[in-house]
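# Coordinate inspection notes
Listed below are the residues making up each chain.
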Amino acid sequence: MMNRFLDTMWGQANALFTPFRRRRWVDLLLVAAAFGMLYGLILLGHQWTAIQRPVLAMDLSPWALPKYTFFSMMRGLAAYLLSFFFTLVYAYWAAKDARSERLLVPLLDILQSIPVMTFIVPLMLALVAAFPHSNVGIELTAIIAIFTGQAWNMTFSLYHSLKSVPAELHEAATVYRFNWWQRFRWVELPFATTGLAWNSMMSMAGGWFFLMLVEAFKLGDKDFRVPGLGSYMSMAVERSDVRAQLWAVAAMILMIVLLDQVLWRPIVVWAQRFRIEDTMQVADSQSWFLNLIRGSRLIRRWDRWRAKQRRLRQHRKPVKKLVVVDLSVDKAAHAAPWLSLVALVFLTGFLILGGFGIFHLLHQLPSGAWWTLLKAAGLTLSRVMASILIGLCWTLPAGLAIGLSQRLSRIFQPIVQVAASFPAPMLFPVVVAILASMKIGLGWGSIVLMLLGTQWYILFNVIAGASAIPSDLREVGTAFGFSRWQRFRNLYLPAIFPYLVTGCLTAAGGAWNASIVSEYYNISGPTLQTFGLGAIVSQAGESRNFPLLAASTLVLAATVVLFNRLVWKPLYQIAETRYSLSK
Amino acid sequence: MIHATDATHEVICELKGIQKSFQRDTGHPLRVLEDINLDIRANEVVCLIGPSGCGKSTILRIFAGLIQPTKGRTYYHGKKMEGLNPGVAIVFQNFALYPWMTVESNVRTVLQAQGLDDEIIKAKAHRAIQLVGLEGFEEAYPRELSGGMKQRVGMARALSVDPEILFMDEPFSHVDALTAEGLRAEILDIWDDAERNPSSILMVSHDIKEVAYMADRIVVLSANPGRLRTIVENPLPRPRDMRSPEFLRLVDQLHDIITSTELPDVEVTAPAPSLLADLVEPLPPAPSSDILGLLEYLETQGGTADLFQVAAATHVTFEKILASVKGAEMLDFVDTPKRQVLLTPLGQRFVRANMDDRKDIWKAQLLELRLFRLVQELLELHHGELKADELLAELQQRLPMENSEQTFETLVTWGRFGELFAYREERGVLTPE
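In terms of regular secondary structure, chain A is built from 22 helices and four strands. The buried share of chain A, reckoned over its 583 residues, is 35%.

Bringing the overall build of chain B into the picture now. When its secondary structure is counted, chain B shows 15 helices and 16 strands. Taking 2.2 N^0.38 as the reference for a compact globule, 433 residues should give roughly 22 Å; the C-alpha atoms of chain B span a radius of gyration of 24 Å, in line with that estimate. In chain B, which comprises 433 residues, the share counted as buried stands at 42%. Across chain B, contacts joining residues at least 24 apart in sequence account for 70% of those joining residues at least 6 apart.

Residue and element names in this part refer to chain B. In this fold, Gln 340 is placed in strand 13 (residues 340-343). Taking the C-beta count within 10 Å as the criterion, Gln 340 has 12 such neighbours and is therefore assigned exposed. With residues near it in sequence (within four places) discarded, Gln 340 still touches Thr 304 and Asp 306.

A few words now on the packing of helix 20 (residues 484-518) of chain A against helix 21 (residues 533-542) of chain A. All names here are of chain A. In the contact formed by helix 20 and helix 21, the axes pass within 7 Å of each other and the chain directions differ by 55°. Accordingly, the angle class assigned to the pair helix 20 and helix 21 is oblique. The two elements helix 20 and helix 21 cross, and the hand of that crossing is right-handed. Across the interface between the two elements, Ser 515, Ile 516 and Ser 518 from helix 20 touch Leu 533, Gly 534, Val 537 and Ser 538 from helix 21. When grouped by side-chain class, the residues that make up the contact of helix 20 with helix 21 number three nonpolar, four polar and no charged.

Turning to the interface of chain A and chain B, a few remarks are in order. Tallying the contact residues gives 26 residues for chain A and 25 residues for chain B. Of all the secondary-structure elements, those providing two or more residues to the side of chain A that touches chain B are helix 7 (167-175) and helix 8 (180-209) of chain A. Broken down by element, the side of chain A that touches chain B gets its largest block of residues, six residues, from helix 7 of chain A. Each residue belonging to the side of chain A that touches chain B can be placed in one class, and the counts come to 15 nonpolar, four polar and seven charged.

A few words now on the confidence of the model for chain A. Scored by pLDDT, chain A comes out at a mean of 83, with 88% of its residues at no less than 70. Predicted confidence for residues 317-329 of chain A stays below pLDDT 50, and this span has ten contacts to residues more than four positions away or in other chains.

Here we come to the sheet that holds strand 12 (residues 334-335) of chain B. Residues and elements named next belong to chain B. In space, the three strands of this open sheet follow the order 11-13-12, with antiparallel pairing throughout. Of all strands in the sheet, those bounded by a partner on one side alone are strand 11 (304-306) and strand 12. Both strand 12 and strand 13 contribute to a ladder of two bridges, which runs antiparallel. Of the residues in strand 13, the one forming a bridge with Val 334 is Leu 343. Of the strands in this sheet, strand 11 and strand 13 are in contact with helix 9 (residues 307-314), which crosses strand 11 at around 85°.

Let us look at the environment of Asp 360 of chain B. Relative to the elements of secondary structure, Asp 360 of chain B occurs in helix 12 (residues 355-366). Residues Asp 360 of chain B and Gly 303 of chain B, 57 residues apart in the sequence, show an inter-C-alpha distance of 21 Å.

Turning next to the sheet that holds strand 16 (residues 429-432) of chain B. All names here are of chain B. Spatially, three strands are ordered 14-16-15 in an open sheet, and the strand pairing comes out antiparallel. Edge positions in the sheet fall to strand 14 (386-387) and strand 15 (421-424), since each of these pairs with one other strand and no more. Bridge count for strand 15 against strand 16 is four bridges, and the pairing is antiparallel. Counterpart to Phe 421 in the pairing with strand 16 is Pro 432.

So, about the domain arrangement of chain A. All names here are of chain A. Under the domain assignment, chain A is made up of domain 1 (63-301) and domain 2 (365-583). On a C-alpha basis, the centres of domain 1 and domain 2 stand 22 Å from each other. Contact with domain 1, which involves 25 residues of that partner, is made by 25 residues of domain 2. Where the side of domain 1 that touches domain 2 is concerned, the elements lending two or more residues are helix 4 (98-112), helix 5 (116-130), helix 8, helix 9 (211-215), helix 10 (229-238) and helix 11 (242-271). No other element matches helix 11, which puts five residues into the side of domain 1 that touches domain 2. Here the residues of the side of domain 1 that touches domain 2 are counted per class, giving 19 nonpolar, four polar and two charged.

What follows concerns the nonpolar core. Counting residues in hydrophobic clusters, the biggest one holds 245 residues, and the most contacted among them are Ala 145 and Val 462 of chain A together with Cys 47, Ile 90 and Phe 167 of chain B. If we skip the residues at most four places from it in the chain, Val 462 of chain A touches Thr 395, Leu 396, Gly 399, Leu 400, Gly 403, Ile 496, Tyr 499, Leu 500 and Gly 503 of chain A.

On to the packing of helix 4 (residues 147-160) of chain B against helix 5 (residues 177-192) of chain B, then. All names here are of chain B. It is the contact of helix 4 with helix 5, at a shortest axis distance of 11 Å, that shows an interaxial angle of 15°. In this view, helix 4 runs roughly parallel relative to helix 5, as classed from their interaxial angle. The hand of the helix 4/helix 5 crossing is right-handed. For the pair helix 4 and helix 5, the contacting residues are Gly 148, Gln 151, Met 155 and Leu 159 in the first and Thr 179, Leu 183, Ile 187 and Ile 190 in the second. Residue composition of the contact of helix 4 with helix 5, by class: five nonpolar, three polar and no charged.

On to the confidence of the model for chain B, then. Residues and elements named next belong to chain B. A residue-level look at chain B finds 94% of positions with pLDDT of 70 or above and a mean pLDDT of 86. With pLDDT under 50 throughout, residues 1-7 is counted as low confidence; its partners more than four residues away or in other chains account for ten contacts. Here the prediction assigns the complex a pTM of 0.79, and the interface score ipTM is 0.74.

With that out of the way, let us pick up the domain arrangement of chain B. Residue and element names in this part refer to chain B. Domain boundaries in chain B define domain 1 (11-260) and domain 2 (288-432). Here the C-alpha centroids of domain 1 and domain 2 sit 35 Å apart. Of all the secondary-structure elements, those providing two or more residues to the side of domain 1 that touches domain 2 are strand 2 (30-41) and helix 7 (245-262). The dominant element in the side of domain 1 that touches domain 2, judged by the number of residues it contributes, is helix 7, at three residues. Counted by class, the side of domain 1 that touches domain 2 contains four nonpolar, eight polar and two charged residues.

To continue, consider unusual backbone geometry. Residues and elements named next belong to chain B. A cis geometry characterises the amide bond from Arg 238 onward to Pro 239, with omega recorded as -10°. For Pro 239, the location among the structural elements is in the loop between strand 10 (227-233) and helix 7. Positioned with a positive phi, Asn 43 is a non-glycine residue whose angle comes to about 55°. The residue Asn 43 is located in the loop between strand 2 and strand 3 (45-49) in this model. Exposure remark for Asn 43: the 21 C-beta atoms within 10 Å place this residue in the buried category. The phi dihedral of His 77 falls on the positive side, at around 50°, and the residue is not glycine. Within the secondary structure, His 77 is located in the loop between strand 4 (71-76) and strand 5 (79-80).

Bringing helix 12 of chain B into the picture now. Residue and element names in this part refer to chain B. Helix length check: helix 12, at twelve residues, gives a terminal C-alpha distance of 16 Å against a target of 16 Å (1.5 Å per residue), a fit within 8%. All of the buried residues along helix 12 are Ile 361, Trp 362 and Leu 366. One face of helix 12 carries all of its buried residues, which in axial projection span an arc of 135°. Along helix 12, exposed side chains directed more than 90 degrees from the buried face belong to Asp 356, Asp 357 and Ala 364. Contacts made by the buried residues of helix 12 are with helix 11 (345-352), helix 13 (370-381) and helix 15 (404-417).

Bringing the pairing of strand 9 (residues 217-222) of chain B into the picture now. All names here are of chain B. Across the six residues of strand 9, five count as buried, placing the element largely inside the fold. As judged from the four bridges shared by strand 3 and strand 9, these two strands associate in the parallel manner. Within strand 9, the residue paired with Val 46 across the bridge is Arg 217. The pairing of strand 9 with strand 10 spans six bridges and is antiparallel. The partner of Arg 217 across the bridge, within strand 10, is Glu 233.

Procedures and definitions
Residues numbered from 1 in each chain as written. Chains lettered and ligands numbered in written order. Predicted model: local features only at pLDDT ≥ 70, side-chain atom pairs only at ≥ 80, totals over all residues. Helix = DSSP H or I, 4+ residues; strand = E, 2+ residues; numbered from the N terminus. Buried ≥ 20, exposed ≤ 12 C-beta atoms within 10 Å, placed from the backbone. Rg over C-alpha atoms; globule rule 2.2 N^0.38 Å. Contact = placed C-beta atoms within 7 Å. Axes fitted to C-alpha atoms, helices over the stretch in contact; angles between N-to-C directions. Parallel < 35°, antiparallel > 145°, perpendicular 65-115°, else oblique. Left-handed = near helix turned anticlockwise from the far one by under 90°. Nonpolar A, V, L, I, M, F, W, Y, C, P; charged D, E, K, R; others polar. pLDDT = per-residue confidence, 0-100. Pairing = 2+ DSSP bridges. Domains from an automatic or database assignment. Core = buried A, V, L, I, M, F, W, Y, C linked by C-beta atoms within 7 Å. Expected span 1.5 Å × (residues − 1). Arc of directions from axis to C-beta.

Have a look at this one:
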């Protein structure tokens, strides 16, 4: 009796919870997220079309932060979309047309080494002039500036993937008569997906780096700030509101973690299905968010609806006659070379014109300036190298310790990932204050500022390398009783060498980029600066001295490209041949 | 159904006077095929066999229209062929499956590419999957499957498009022996159905037994550059029994033919070095360790053995044994009357010597070869540091029509063992020991 009573009661009470147990709440969450998104977008629309004000007013209360964070996130994502389409077009073009490839690949190399300052100043002036009555120009500039921090390495990744599709996969596609689109969708893009997913994650981090510079951009007396996390931070620094600064840092970390969990991790996990077998045994990682989404009914219904639509379309389509042999079907393949040639001619023409323009600009520069620029380049180069050396000093032992222990790497890997994505310039105000109290000028201090942003790349790679050392090689060390130093010299260092080179290369790129904000600091108080190429670029940009901006950018790009060719590339070669564990 | 070749068997594809060279990075083109004339007729199985570098796979790709020949013409049903061969599907050596697609989508994708209707695609994919016995595996991903199962997917994909000729490029070389035996029989069963495509099969192989089992006509090629040596008609009735005496006799006969093209008793194929003072001897792909192994083996066999028994007993491919024997013969360690390999007195002395003496003998024998004397001279000329690129360029000059990279690789292992020179790979230089 009692039992039956309990059963009925309990059963009914239980039934109340079934929607939750069946995870209806996932659908609820999705709907809520969609509405939140919509509201945010409406706000964003207002911001875009609002009349340009002379000075940006911002609310420094923490309650305003979600809105600003959303704005920044949307800018980052819009820039990412732009990067993605740029990558598809540019990389495909470079990989498919040998003639264009010879121009496009070096051009990408150069674009990669141009600092954001050089892009942002002329862009801002041009776009604001184009949209004088609204914020569209400023917003677009912000997005494009973030784009310049994201796009290049994604493009390189896709280009290299497209070039390394195994010959047999291509032959099969040819024999079975895939047209160019089918080949791209079914063969090339899937092949490139794994690399593209990882690089997208990296790119996004690169995009955040200049968030503060981009969102809180001022040219002389003109205020080009846009509401967002970066401008919130700079405003907080300006008013020395420590509490607001802390809130901003917290919001930034939250945004990075959120994007990582909700966007990148699911994408990386999903991309695993595209990995080629036997390469890169990534442990089958999981994403709670992806599992959640897969459990959602709304999504499943949407999938079913789409499948039905597709079937309907198939039926409505008049049945094509059985195509027996039609070798000329691929009209696109015949048109492509022409299209590519025309585009190439246009691009070359554009570059030549641009070259003349720059040449003209450079002509206005006094000849003594070149010598100054070279000296500045030498100085900044030594700062970059110093920051990497200092970074190596602590990341090498720390990274080895973390990577060699499974327990530690489980704990630290995500933390390091977040730290690497966190835009270091947001911490600059604090560090500059500490440096000032220690009476260290920006000449040495800028090395510390560079280090702040770039050390994580090295650490990240050292950890990855250390955890990839085969256990049998480590057992040899144990079995023959190697001392700590012997183990480091004969095993760890050679084994992680390829990773180390990658890490240092990325770090050097980051440090060069960071030089424009770390040698020239103008966020709070009087502008601090020291002699160096980054400072010259920043200063020239801010004072709209275009000849000097062009010249300093040229010297910077040339130094970076030359250094890559002469130092990093040979090191890479050695890493690939002599220290590769996979061969 | 009898698949004898008679006059009524119509020619499907034909190659006439094909020559093919590949452009190499180093400049000199590498000639891989020379004067190939070959046809594929209706209702037959043709197999291509020959040593590595004879261009078997290149011939298959020219037939398929994947590669354009440097010279010569390709015909399909009597008409000159431009671009792809319309009647062909290929089964690849490394399967060439798309790892991100399930078994079924791998098959469906190629049908979709033909612009077929959805219902037809479904039916055709289903039939092809059924035909190769993959039912139940439709939703599996290639990485979950064994080599044999993967190749079944490759076969299903090829058969789904109903090809007139099925091309197979060493289809069973990454499949274990037992599975391969089953697959061969199955593919012949499918082919045997006269009502349905494929009408003919062209297969590239390096396995003599496989060729004898499958083929109506066996095309024997020789290497450097690839030439057509002979075409052997296979008289055995189907189904064939791999253990029957007639079958074994045919295999034996094929062995003889291949040996006589590779190790002629009278030296005819190699360019006569005495006539042209600056020509050197090309080396076979036989590292010193392989030659050492062969000599040791011969010693255990009392100094003499049958070439094919060596291959059978050591489980090394016949191709590799041939290369080692060729190398050992160049160094005067063995002699090859017909299919016998026997240790020469020098060879015996070498095997029985200790390591130091072995190296001395090896070195002395190397210096008998014009090639190694050349390397020594070059080393002196360059003051003890010879760049590998320079040596390669030199070899290309002096080894026309040969794959000089391969000779270089063998040269390095032989020279290292003989302590004639050291080779530093990362710097790409040879230095004297």
